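Overview (structure and organization)
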Amino acid sequence: MKRIVGLLVVLGVGLMPLRAQTTRAIRQLEQQRNELKEQIAASETLLQSTKKDVKSQLADLALITGQIDERQKYLNTIESDVQTIQQEVDRLQTELSRLEKELADKKAKYERSVKYMYRNKSIQEKLMFIFSAENLTQMYRRMRYVREYADFQRLQGIQVQRKQQQVTAKQRTLVASRKAKEELLAQGEAEKQKLQEQEQQRKTLVASLQKKQRSLQSELNKQRKSANKLNAQIDRLIEIEIEKARKREEERKAAEARRLAEEKRLAEARAAEARRKEAARTETSGSKEVAPTPAAPKMDTYKVDSDDRTLVSSFEKNRGALPVPITGPYVIVGHYGQYDVPGLRNVRLDNKGIDIKGQAGANARAIFDGEVSAIFQYNGLTNVLVRHGNYISVYCNLQSVQVQKGSKIHTRDIIGKIHTNAEGNTILHFQLRKETAKLNPEVWIRR
């Protein structure tokens, strides 16, 4: 009987974690969606230019395309979450059906036990049942049976009550999950409507730019030449930094070789001195035996524990989790690599990093601990290189900087204020390198 009571308690307590897990899963999905929703809402404050020149329209096209990408990502998240919640609803429905079946079974058993007790409810009947026993052993067993059956009936009632609570709780959780799914579907429809509106805006801009093909190509060529010159300077500075790192490594190896050579020389000198003393002792004692040469002391293995290598390891482990290198709301308006601009003929872009548009007054911030290895000017603006071991992050188009060459900085430290141009665009050009190899920053930052 004690085991039965214990089992019922476990069943009642075990219900709470299951319900909590379901609710927690829905809350986590909701939190992820809210983060994306907030990012989209913030990016909508990055107003487009009202100017009609090609340069402004190209910037607007990049902004709208970036916003469309963000909204499509949000829609994909909603669709994925709807599927997840539907799977949860199906699971809950299966569990509810099982619980309802178990409840019906326990109610039937309880009903049978109640009817039996009702038919044998009088004290006289119970006493007659006990005293009609043939011997004392049988009488004891009948007394025990009467008592245990009463306990059994009481526990049956408790089981029915517990199972009813489980069914009620599962029904509430199922209703909450269905409601969450319905709300998500409604959000998805609203986002699809906004997405269609933005797609129409993009079509209008593309149509306008198509009519200005000559001016468009001229502006793109100008931007391409400027980008090439900037990248050439970055490449040169990175090569200088790599050469410095190579020389530091050579100096470290040379110093290590000198240290090992000195240790070897000292060990040999100690061994020679020991042999000389032993020979003198043997000569003094008149012994003809030759003492064995003592073994040279074992040298400790040198372990490389440089800050650079520690940084590299930590940097690589944070792939996909590094902070976005800009403060405030943002939209990625230029992606890494070569790609065609949708809707525009013969317009192919080649970006060595990414372009991030923010609000006026936004700051560039460090994506990881490191050291400022270079600061240089280009077209009147400042650009900063930060070394993280053999990784280098590059922050371009800064109006002013708050760091100096050689400064040690930490993750999310402000590097400088991003320039806002005459058209009102505040764009950070950001690159990521591993030595000379160019990397896609979007793979490394958390979004």
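Our structure is the block above this text.
Residues numbered from 1 in each chain as written. Predicted model: local features only at pLDDT ≥ 70, side-chain atom pairs only at ≥ 80, totals over all residues. Heavy atoms only, no water.

Details of the overall build of the protein chain
Condition: Strands are runs of DSSP state E lasting at least two residues, helices are runs of H or I lasting at least four, and both sets are numbered from the N terminus onward. Note on classification: 1.4 Å probe, protein chains only; a residue is buried when its accessible area is under 20% of the maximum for its type, exposed when over 50%, partly exposed between these limits. Contact between two residues is taken to exist if any of their heavy atoms lie within 4.5 Å; hydrogens are not considered. Only the protein chains shown count as cover for residues, and the accessible areas themselves come from Shrake-Rupley with a 1.4 Å probe.
Secondary structure assignment for the protein chain yields seven helices and twelve strands. By residue count, 35% of the 447 residues in the protein chain fall in the buried class. Taking the contacts inside the protein chain whose residues are at least 6 apart along the sequence as the reference set, 75% of them involve residues at least 24 apart. Taken as a whole, the protein chain presents about 27,000 Å² of accessible surface, with 52% of it coming from carbon and sulfur.

Thoughts on the pattern of salt bridges
Stated precisely, the cut-off is as follows: For salt bridges, the criterion is a side-chain nitrogen of Lys or Arg within 4 Å of an Asp or Glu carboxyl oxygen.
Using the criterion set out here, one finds 21 salt bridges in the structure. The partner of E189 in a salt bridge is K192, and the shortest N-O contact between them spans 3.9 Å. One end of the pair is E189 and the other is K192, both in helix α4 (residues 136-210) and three residues apart, which spans about a single turn. Looking at K192, the relative accessible area reads 35%, which means it is partly exposed. If you follow the salt bridges from partner to partner, you end up with E241, E371, R387 and K408 in one network.

Concerning the side chain of R387
Quick note on the threshold: Distance and chemistry together define a polar contact, namely a pair of N or O atoms within 3.5 Å, with one atom able to donate a hydrogen and the other to accept it when in protein, and with adjacent residues in sequence counting only for side-chain atoms on both sides.
Along the polypeptide, R387 turns up in strand β7 (residues 381-388). Overall, R387 belongs to the buried group, its relative accessible area being 10%. For R387, the side chain forms a polar contact with the main-chain oxygen of G389, separated by 3.4 Å.

Observations regarding the packing of aromatic side chains
How we decide: Ring pairs are drawn from Phe, Tyr and Trp, using the six-membered ring of Trp, whenever the two centres fall within 6.5 Å, and their geometry is named by plane angle: stacked under 30 degrees, edge-to-face over 60, tilted for the rest.
For the structure shown, the criterion picks out five aromatic pairs. Between F315 and F368 the ring centres are 5.4 Å apart and the planes differ by 85°, which places this aromatic pair in the edge-to-face class. Note that F315 is positioned in helix α6 (residues 307-317) and F368 in the loop between β5 (363-365) and β6 (370-378), a separation of 53 residues in sequence. On the accessibility criterion, F315 (0% relative accessible area) is buried. Here F368 falls in the buried class, since its relative accessible area comes to 9%. With 5.4 Å between their ring centres and 40° between their planes, F315 and W444 make a pair best called tilted. A residue pair is termed long-range when its members are at least 10 positions apart, and F315 in helix α6 and W444 in helix α7 (residues 441-444) qualify at 129 residues. One aromatic cluster is present, built from ring pairs that chain together F315, F368, Y391 and W444.

Considering the environment of G334
With respect to the secondary-structure elements, G334 resides in strand β1 (residues 330-334). Measuring from C-alpha to C-alpha, the distance between G334 and I356 comes to 7.0 Å, with 22 residues separating the pair along the chain. G334 has contacts with Y339, N351, G353, I354 and D355, leaving out every residue within four places of it along the chain.

Observations regarding the side chain of R365
The cut-off we apply is this: Positive: Lys, Arg. Negative: Asp, Glu. His and the chain ends are not part of the count.
Locating R365 in the fold gives a position in strand β5. Buried charge without a partner: R365 forms no salt bridge, and the closest opposite charge is D413, 9.9 Å away. Polar contacts involving the side chain of R365 include one to the main-chain carbonyl oxygen of V324, which spans 2.7 Å. Other than its neighbours up to four places away in sequence, R365 contacts P323, V324, P325, I326, T327, Y395, R412, D413, I414 and I415.

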